[in-house]
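Coordinate inspection notes
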Amino acid sequence: MGRIRFYGCRLHVRIARTAVRKATPSKASGGNRLGFSGFGFGSVRGTGCAMMSIRRPNLDKMMKTTIMNPYEGGRTAVLAFLATSAFAVATPEMAPSGNQEISEFIAMDVASDSRMKGTDVSVKINGGIAILTGSVKVLDQSERAVERAMAASGVRAVVNRIKIASSVVSDSALKSSALAALKKSRAVDAANLRVSALEGVVTLDGEVSTWDEQEIVREVVSGVPGVTGIENRTEVVFSSPRTDRQIEAQLAGLIANDPLYDGLHLSVSVKEGMVRLKGEVGTKGEYDRLVRRSSVTGVFEVNADQLKVNGDLAMEAVEDKHFTPEQMTGALADAVKADDRIDARMVSFSLAEGVVTIEGTVIRKEEKFAAESTARGVPGVMAVNNKLRISEARPEVAANAPLVTPR
């Protein structure tokens, strides 16, 4: 049996690697206990609800918990919650299929993420494009929701329309907090960076050593409370080689932020530009993804001899999307069409080696940020070079101009 639907009790179902996943029917009960191999569940949070967190389940032990009630003999085990009329229905689907089910899966996955506390995110799927709406407290939570949605099977791109709470932090305090966060980061040298803030928008100026660091400084600032947008004007000067410490911090953050590695015990070390990965992943796709993404600037070799694939840790309904340039171009074009905040007549997107460059003219800063967030919602996009100008006088462009131009 596969999919579990939960109703009532404000349940948040964590669909992660800690989930009940590949338990098989128990012969001790006549072979009729419920075997979970699809959605399953890991931890259940909610008012008045029982709680459980299981990584690699022992079914007999699991069935004795307060929320599992085995009915021996020829009956199927029933999952019952003794709280506010909550109940569950098991259906034989192995993974979500169709727009509604994929939307429900992403919404539950986002809501159950411990980093998404205090948020309210809704999901709609149209033609493989996930459209996220709702509200969050900080910019980092908005982008976290995008990462989770991008990982879901059946999603080609994400349009992020989530609202970020209005900043109640003064410009001077926001500037100080952003600069402090950059100085604290072990992944980047903040010595040559300048920060300013205006009405929630933080502008980054100065010099960074690599393209990686240009993205890292943006990521660091996105987690600062009060930041509603980021203007990244830093210049890459290739001034000095990256240290092992910086690379190790970058990769540790990459693993922590990737939904595909939730619940896994992975470690990374770097010495003289050689990365060593250690631990277990669930699929060959996750293995390849981690090795591929570990080849950041400054890395000369990735040693994955101690990185193993354990099929018991496989996670349904999410996947690595290693898109071709053609697939990325098509996904971005469809995402732009689905985002009515973007006037495609005035904005052009070009894609080259995982970097999206956006050019044109818009009237408001919100349009500029919308174009960038949509570009970041395409699997495989590593960086966005946002060259959009803000001006009330916008020149017309050809009506038949392509939405996305590959380079």
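Everything that follows concerns the structure shown earlier in this document.
Within every chain, residues take consecutive numbers counted from 1 along the sequence as written. Local features are withheld for residues below a pLDDT of 70 in this predicted model, meaning they are given only at 70 or higher, and side-chain atom pairs are given and counted only at 80 or more; totals for whole chains, interfaces and linings count all residues. Computation of side-chain values: all heavy atoms of the structure, hydrogens and water removed.

Now for the sheet that holds strand β17 (residues 301–309). Here we have three strands laid out as an open sheet, ordered β15-β16-β17, and mixed in their pairing. One side of each edge strand has no neighbouring strand; the edge strands of this open sheet are β15 (266–271) and β17. The mean angle between the axes of side-by-side strands here comes to 10°, regardless of whether they run parallel or antiparallel. At least two bridges found by DSSP between two strands are what make those strands a pair. Secondary structure elements are defined from DSSP: runs of H or I of at least 4 residues count as helices, runs of E of at least 2 residues count as strands, and each element is numbered from the N terminus. The pairing of β15 with strand β16 (residues 274–281) spans six bridges and is antiparallel. By the bridge assignment, V268 is partnered in β16 with L277. Together, β15 and β16 form the strand contacts of helix α6 (residues 244–257), whose direction differs from that of β15 by roughly 160°. On top of the sheet, helix α7 (residues 284–293) reaches β15, β16 and β17; it is set at about 160° to β17, its chief contact. To obtain each axis, a line is fitted to C-alpha atoms, and for helices this fit is confined to the stretch in contact; angles are then taken between N-to-C directions over 0 to 180 degrees. Between two residues, a contact is recorded if the distance between any of their heavy atoms is within 4.5 Å.

There is about 710 Å³ of room inside the second largest pocket. Think of a 1 Å grid over the protein atoms and nothing else: a 1.4 Å probe that fits but is trapped marks a cavity, an open set flanked by protein within 12 Å on at least five of seven lines marks a pocket, and residues with an atom within 4 Å of a point count as lining. Lining the second largest pocket we find 27 residues, and of these I162, I164, T228, E366 and F369 sit closest to its centre. Going through the elements one at a time, α3 (139–151), β10 (163–164), β13 (229–232) and α9 (365–376) are the ones with two or more residues in the lining of the second largest pocket. Basically, the charged four are Asp, Glu, Lys and Arg, the nonpolar ten are Ala, Val, Leu, Ile, Met, Phe, Trp, Tyr, Cys and Pro, and anything else, Gly included, counts as polar. For the lining of the second largest pocket, the residue count by class is seven nonpolar, eight polar and twelve charged. Grid points are joined across faces, edges and corners, and a volume is the space filled by probe spheres set on the points.

Only centres within 6.5 Å qualify two rings of Phe, Tyr or Trp (six-membered ring in Trp) as a pair; their planes then separate them into stacked at under 30 degrees, edge-to-face at over 60, and tilted for everything else. Counted under the stated rule, the structure contains one aromatic pair. Here W211 and F238 contribute two aromatic rings whose centre-to-centre distance is 6.2 Å and whose plane-to-plane angle is 70°, an arrangement assigned as edge-to-face. Here the residue W211 occupies a position in helix α5 (residues 211–222), and F238 occupies one in the loop between β14 (235–236) and α6, the gap between them amounting to 27 residues.

On to the pairing of strand β12 (residues 201–208). Buried residues dominate β12, accounting for seven of its eight residues. In this sheet, β12 lies alongside strand β11 (residues 193–198) in antiparallel orientation, the contact comprising six bridges. When the bridges of β12 are listed, A197 appears paired with V202. The hairpin turn running from β11 into β12, its antiparallel successor, is two residues long, and E199 in that turn takes a positive phi close to 50°. Relative to β13, β12 runs parallel, the two being bridged by four bridges. Residue pairing for β13: T203 is matched across the bridge by E231. Residue burial is assigned from relative accessible area. The probe radius is 1.4 Å, only protein chains are included, and a residue is buried under 20% of its type maximum, exposed over 50%, and partly exposed in between.

Attention now goes to unusual backbone geometry. In the Ramachandran plot, E272 falls in the positive-phi region, its phi being about 50° despite a non-glycine side chain. Mapped onto the elements, E272 comes out in the loop between β15 and β16. Despite not being glycine, A317 has its phi angle at roughly 75°, a positive value. Within the fold, A317 resides in the loop between β17 and α8 (325–338). For A317, a relative accessible area of 7% translates into the label buried.

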